[in-house]
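Here is how the chains run, residue by residue.
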Amino acid sequence: MRYAKLAKADLPKLFQSLKGYGEVFAPVEERGKLFFKKVEDLKEVKLAYTRTLLPPKKLFLQPEEEIMSYEGESYTEKLDGRKAVLFGVHACDINGFLKLDRVFLDAPRDEYYARRRENTLVVGITCVPDKYCFCTSVGSGYASGGFDLFLHDLGKEYLVRVGSGEGYRLSKQDYFKEAGEAEVKLAAKLEEKRAGKLRRKINLMGMGDLIETEGKEGWEELTAKCLACGTCNLVCPTCQCYDVSDLLTLEVRKGTRVRRWDSCMLKRHALVAGGLNFRPTVVERTVNRLSCKVGEEVRCVGCGRCTVYCPAGIDFVEMLSAVRGEAR
Amino acid sequence: MNELLPRQAKVLKVEEQTPIEKLIQLDVFLNHKPGQFVEVSVAGVGEAPISICSSPTRKPTEVCVRKVGRVTAALHRLSPGDRVGVRGPYGNGFPMERMKGHDLILVSGGLGMAPLRGVLQYALDHRREYRELLLLYGIRDYSLMLFKDEVMKLMDSKDCRVYLSYEKEDEVCKNLKKKCPERVCEGVVTKLFGMVDLNPDGYVVVCGPPVMYRFVFKELMDRNFPPERVYMTMERRMKCGIGKCRHCVVGAGTSMRYVCKDGPVFTGVDALQIKGLIG
Amino acid sequence: MKPRVGIFGFTGCAGDQLMILNLEDELLDLVGALDLKSFTMASSAVEDSEYDVAFVEGSITTPKQKQKLEEVRKKAKLLVAIGDCAAWGGVQASCNGILTVGEKMKEVYGDEKVWEIYESKPLSAYVKVDFVLPGCPIEKEEFLRAAASLLRGDLPEAVDYPVCVECKLRENGCLMLEGKLCLGPLTVGGCKARCPSLRVDCIGCRGVIEGEARVKSAMQVFKEAGFKPDYVRARLRMFAANYPEILEVKG
């Protein structure tokens, strides 16, 4: 990997360069709520933050988007070719991108996701963890790839790791300086210090089998408060489920096909025409959700969102330790 | 290429099969395998996975549609000359090559006959490459039998031995039973296993309503039929057809599969491993 | 031939019919696309006709209404309930199961028997309802989309997910986490989280998600958040008192 150094005082210069590439989306705080939003000035950006409500995947797989229009039976795709920059993304969310890439970039690739992913520069930044973060337990505390630039906070300057050709071109700007072993060692030390602050741990050894064999009564107890509202899925950086609807206009022959994030905790997820539901209750849906996140493979990136934003206060990590048989 | 974008297909013919099922011929070249499915779009209504019921060896492409929801209701309104959107074919399909040189036992219930008809046509068109060809077909009554002419013709043919079970007796079924008591009986499809000799070197191919699999599979396991030689095709909500939207995912814990991409055809070994696959 | 449509109203505020009249930009297109046989709120002219689609607002509270509804049902290929009153019985059902009709009549009119009335019930208590467009009032856009489907002969796609979904898609912070009694998780979406997007807690005007709403879980969560059971019950009953699980909730 190529390494560079950027003085914090020169960050506005990088920001300007990024603006030259495309629209910049960055974490912004409004009324106590943090979210990725289009910004014009670096001053709007919250550089040190914990987590945004929706993960930045929302730029690639949009919450709700028109994917095509139709007239008669002829469909016209609506692809987006705009260039954009995601500035200030944390390691957990970048690892989330990598997991989604495997779904949406694998053949046959999803053109909507793929084009946005390709046309978007990702600039990572050191995070500020809180007590709900557990990225280090799921191997997502550090981003080894999936970004164009990653800024590690070294105090007065950033160590910049360069992860792509576009990132390389940016790092050739004169406000970047050379960096090497010393800066990487310091960054690693600081990252380790930050990781050391994470108190939350999750033990995933044998978790898939534990989930599969947990009894119905156990699940009912664990999901007693679940409202089946779908929030856990909708805030998850690795949830990929989407649903598609045709929207008709009074002009009948014309309309649009829209896709929208879906949640496996909702009724229709496994409902087939004719009325048979393959996951009729919250118990089956929870088993499916947890299997998908940590059973089959580790898709969870430990960002803590499903726990933080659950209106019923259900804790993902506690639920899994209960499945392991640790104190409920 | 945008895999989500349907291409247009003209409806060539619409034929009522039963009061709830129609056979639709489409002017579309798919180069599919028996057991694969397509996503069919009716603009303004939506898209639904429909199994292809014709063999790639025959033209035109045919789908058999049961009216169960919004999209299928709209498909039932189609007339020749209308157009629909089509994506696919998707899914793994049946391993027709691997089964060559062996007995082929098709077990079907109700609408399950639709995907199996593609297998049947394929085997008939390559008749000498397969050994015994058996069709075990369970219906509610004669009015709900799919592909009536074809099945009746096969009953008199030497190419395939047809066994038929029915749940409600009517005139036609009664006469068939009288004519052929060793191959026709009243009851569910599993009852037919008592009438056939299963060669453990053969392959069993199953398709039927979700409740049927468990009973058919148990019957086969009770007869020590090797699970890896059983192929079952599953119905789930295959919304995207390409392993992205995740609605059709089955299993729990460490074994999860997409029905649209890893299936819809699964083996008996999968059934033993994937929780909830056959209920 | 244009589809024949009738629009009818029973007990309610007529707000859903008003919503249709208020379409303004689209009203002419809509009226042009169909053969409006009856719309009592807009015109006194009523044709005796069969209907391809009948939109019915309001709850059923008198024998005469029940009879009229049954007539409409006989003449209509598709019957669509519009608004919360038609879908769930409306606000006027909020005391069902607590006070009987007799007790209510006595409270207002004393011992004199004025007329026979029923406890407020949704249309589905008396006739088959093919589709429900919920809300108090209905959503314009949803109505237009559904009308387009219905006029073509298709049943529209029903919303069966909670308001929370639309709230999250808009990246709204959760009002329940801010200590508000928000009924979003129990309530049928489709309103694009109209109220929560303005930081107003959902009052459940689109009714509960049938067979899905986790009423018991919500009661537990609200209790732990410190809300009094009486208050929670009143809130739940406002728009969906006839939902069996809500009818059972103790104060």
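This structure is a prediction, so every number in the text was calculated from the model and none was measured.

## Some points on the overall build of chain C
What chain C contains, in helices and strands, is 10 helices and 5 strands. Here chain C holds 251 residues, and the buried ones make up 52% of them. Expressed as a percentage of contacts within chain C between residues at least 6 apart in sequence, the contacts between residues at least 24 apart total 72%. Taken as a whole, chain C presents about 11500 Å² of accessible surface, with 55% of it coming from carbon and sulfur. Each charge sign in chain C was given a centre, from 33 positive and 37 negative side chains, and these centres are 3 Å apart.

## Some words on a nonpolar patch on the surface
Residue and element names in this part refer to chain C. Taken together, the side chains of V108, Y109, V114 and W115 define a hydrophobic patch exposed on the protein surface, amounting to about 400 Å² of accessible area. Tracing the backbone shows V108 in helix α5 (residues 101-109). Taking relative accessible area as the criterion, V108 reaches 60% and is therefore assigned exposed.

## What to know about helix α9 (residues 229-240) of chain C
Along its 12 residues, α9 of chain C runs 16 Å from first to last C-alpha, staying within 8% of the 16 Å computed at 1.5 Å per residue. Buried residues of α9 of chain C: V232, R235, L236, R237, F239 and A240 of chain C, and no others.

## Structural notes on the nonpolar core
Residues L104, V107 and L136 of chain B are the most contacted members of the largest nonpolar core, which totals 120 residues. For this core, the element with the highest residue contribution is helix α2 (residues 113-125) of chain B, accounting for 7 residues. Among all residues touching V107 of chain B, those that are not within four sequence positions of it are L116, L136, V189, F193, V204, V205, V206, C207, M212 and V216 of chain B. Counting residues in hydrophobic clusters, the runner-up holds 60 residues, among them L204, V287 and V294 of chain A together with A213 of chain C.

## Remarks on the packing of aromatic side chains
All names here are of chain A. Overall, the coordinates contain 18 aromatic pairs over all chains when judged by the stated rule. Summarising the aromatic geometry, the rings of F60 and Y113 are spaced 5.8 Å apart at their centres and angled 75 degrees between planes, so their arrangement reads as edge-to-face. Of this pair, F60 sits in the loop between β3 (33-39) and β4 (64-71) while Y113 sits in helix α3 (residues 111-118); the two residues are 53 residues apart in sequence, bridging distant segments of the chain. Judged by relative accessible area, Y113 falls into the buried class, the value being 0%.

## Overview of the interface of chain C and chain B
Interfaces are often sized by the amount of accessible area the parts lose when they come together. Across the contact, 6 residues belong to chain C and 7 residues belong to chain B. For the pair chain C and chain B, the summed buried area comes to about 480 Å², and 28% of that belongs to carbon and sulfur atoms. Summed over the three residues of chain C that lose the most area to chain B, namely R152, D154 and E157 of chain C, the buried surface amounts to 74% of that side. At the surface where chain C touches chain B, the tally comes to 1 salt bridge.

## What to know about the confidence of the model for chain C
Atom-level detail of predicted coordinates should not be read off regions where pLDDT is low. On average, residues of chain C carry a pLDDT of 93, and 98% of them reach 70 or more. If you check the scores for this complex, the pTM reads 0.95 and the ipTM reads 0.94.

## Some words on the environment of I20 of chain B
Residues and elements named next belong to chain B. In this structure, I20 sits in the loop between β1 (7-18) and β2 (21-27). Given the relative accessible area of 33%, I20 is considered partly exposed. Expressed as a C-alpha distance, the spacing of I20 and M99, which sit 79 residues apart in the sequence, is 33 Å. Not counting residues up to four positions away in its chain, the partners in contact with I20 are V65, R66, K67, H76 and L144.

## A word on the sheet that holds β2 of chain B
All names here are of chain B. With antiparallel pairing, 6 strands are arranged side by side in an open sheet as β4-β3-β6-β1-β2-β5. Single-partner strands in this sheet number two, and they are β4 (46-51) and β5 (61-66). Across the sheet, the mean angle from the axis of one strand to that of its neighbour is 40 degrees, orientation sign disregarded. Inspection of the sheet shows β2 paired to β5 by 6 bridges, in the antiparallel sense. Within the sheet, the bridge partner assigned to I24 lies in β5 and is V63.

## A word on the layout of surface pockets
Size it by volume and the second largest pocket reaches roughly 690 Å³. In this structure, the second largest pocket is lined by 35 residues; those nearest its centre are F278, R279 and E284 of chain A together with K275 and G276 of chain B. Contributions of two or more residues to the lining of the second largest pocket are made by α6 (207-213), α7 (216-222) and α9 (282-295) of chain A together with α5 (210-222) and β13 (249-252) of chain B.

## Quick word on the interface of chain A and chain B
Chain A puts 48 residues into the contact, and the matching count from chain B is 39 residues. Between chain A and chain B, a total of about 3600 Å² is buried, with carbon and sulfur atoms accounting for 54% of that surface. By the criterion of area lost to chain B, the three top residues of chain A are E73, E212 and Y242 of chain A, representing 18% of everything that side buries. Summed over the shared surface of chain A and chain B, the result is 4 salt bridges. Connecting chain A to chain B are 26 residue pairs in polar contact (both at pLDDT 80 or more). Sorting the residues of the side of chain A that touches chain B by element identifies β4, β5 (74-77), α2 (91-104), α3, α6, β11 (242-248), β12 (254-261) and α9 of chain A as the ones contributing at least two each.

## Observations concerning the pattern of salt bridges
Residues and elements named next belong to chain A. Evaluated as defined, the whole model comprises 72 salt bridges over all chains. Of the charged contacts in the structure, one is a salt bridge between R259 and E65, with a shortest N-O distance of 3.4 Å. Linking R259 in strand β12 with E65 in strand β4, this pair joins segments that are 194 residues apart in sequence. D246 is the salt-bridge partner of R257, the closest N and O atoms lying 2.7 Å from each other. On the criterion of sequence distance, the pair formed by R257 in strand β12 and D246 in strand β11 is long-range, its members being 11 residues apart. Residue R257 shares its accessibility class with D246, and that shared class is buried. Through salt bridges with shared partners, a single network forms among K19, E23, K38, E40, E65, D80, R82, D110, R116 and R259.

## Brief notes about the pairing of strand β6 (residues 84-89) of chain A
All names here are of chain A. Of all the 6 residues making up β6, 6 are buried; the element is thus mostly covered by neighbouring parts of the structure. Bridge analysis of strand β2 (residues 23-30) against β6 gives 3 bridges, and the strand direction is parallel. Looking at the pairing, F25 lines up with L86 of β6. Where β6 and strand β7 (residues 120-125) come together, 5 bridges link them in parallel fashion. Among the inter-strand pairings, V85 is bridged to a residue of β7, identified as L121.

## As for the sheet that holds strand β3 (residues 51-57) of chain C
Residue and element names in this part refer to chain C. In space, the 5 strands of this open sheet follow the order β2-β1-β3-β4-β5, with parallel pairing throughout. Since the sheet does not close on itself, it has two edges, and those belong to β2 (35-39) and β5 (131-133), each with one partner. The sheet shows a mean angle of 20 degrees between the axes of neighbouring strands, direction not considered. With 4 bridges joining them, strand β1 (residues 4-9) and β2 adopt parallel strand pairing. Counterpart to I7 in the pairing with β2 is F39.

## Structural notes on α5 of chain B
A turn of α-helix holds 3.6 residues, and therefore any two residues three or four places apart point the same way. Residue and element names in this part refer to chain B. For α5, the full list of buried residues reads M212, Y213, V216, F217 and L220. Burial along α5 is one-sided: seen end-on, the buried residues are contained in an arc of 120 degrees. Turned more than 90 degrees away from the buried face of α5 sit V211, K218 and D222, all of them exposed. Each element contacted by the buried residues of α5 is listed here: β7 (104-109), β11 (203-207), β12 (230-233) and α6 (268-273). A positive backbone phi angle near 55 degrees is found at N224, which sits one or two residues after α5.

What counts and how
Residues numbered from 1 in each chain as written. Chains lettered and ligands numbered in written order. Predicted model: local features only at pLDDT ≥ 70, side-chain atom pairs only at ≥ 80, totals over all residues. Heavy atoms only, no water. Helix = DSSP H or I, 4+ residues; strand = E, 2+ residues; numbered from the N terminus. Buried < 20%, exposed > 50% of the residue type's maximum accessible area, 1.4 Å probe, protein only. Contact = heavy atoms within 4.5 Å. Areas by Shrake-Rupley, 256 points an atom, 1.4 Å probe, with all protein chains shown as cover. Lys, Arg positive; Asp, Glu negative; His and termini not counted. Charge placed at Lys NZ, Arg CZ, Asp CG, Glu CD. Patch = residues over 30% accessible without salt bridge, like charges linked within 9 Å, V, L, I, M, F, W, Y side chains within 5 Å. Salt bridge = Lys/Arg side-chain N within 4 Å of Asp/Glu carboxyl O. Expected span 1.5 Å × (residues − 1). Core = buried A, V, L, I, M, F, W, Y, C linked by side-chain atoms within 4.5 Å. Phe/Tyr/Trp six-rings, centres within 6.5 Å; stacked < 30°, edge-to-face > 60°. Buried area = accessible area lost by both parts, 1.4 Å probe. pLDDT = per-residue confidence, 0-100. Pairing = 2+ DSSP bridges. Axes fitted to C-alpha atoms, helices over the stretch in contact; angles between N-to-C directions. 1 Å grid on protein atoms, 1.4 Å probe; cavity = no way out; pocket = protein on both sides within 12 Å on 5 of 7 lines; lining within 4 Å. Points joined across faces, edges and corners; volume = space filled by probe spheres on them. Polar contact = N/O pair within 3.5 Å; in protein donor to acceptor, adjacent residues only side chain to side chain. Arc of directions from axis to C-beta.

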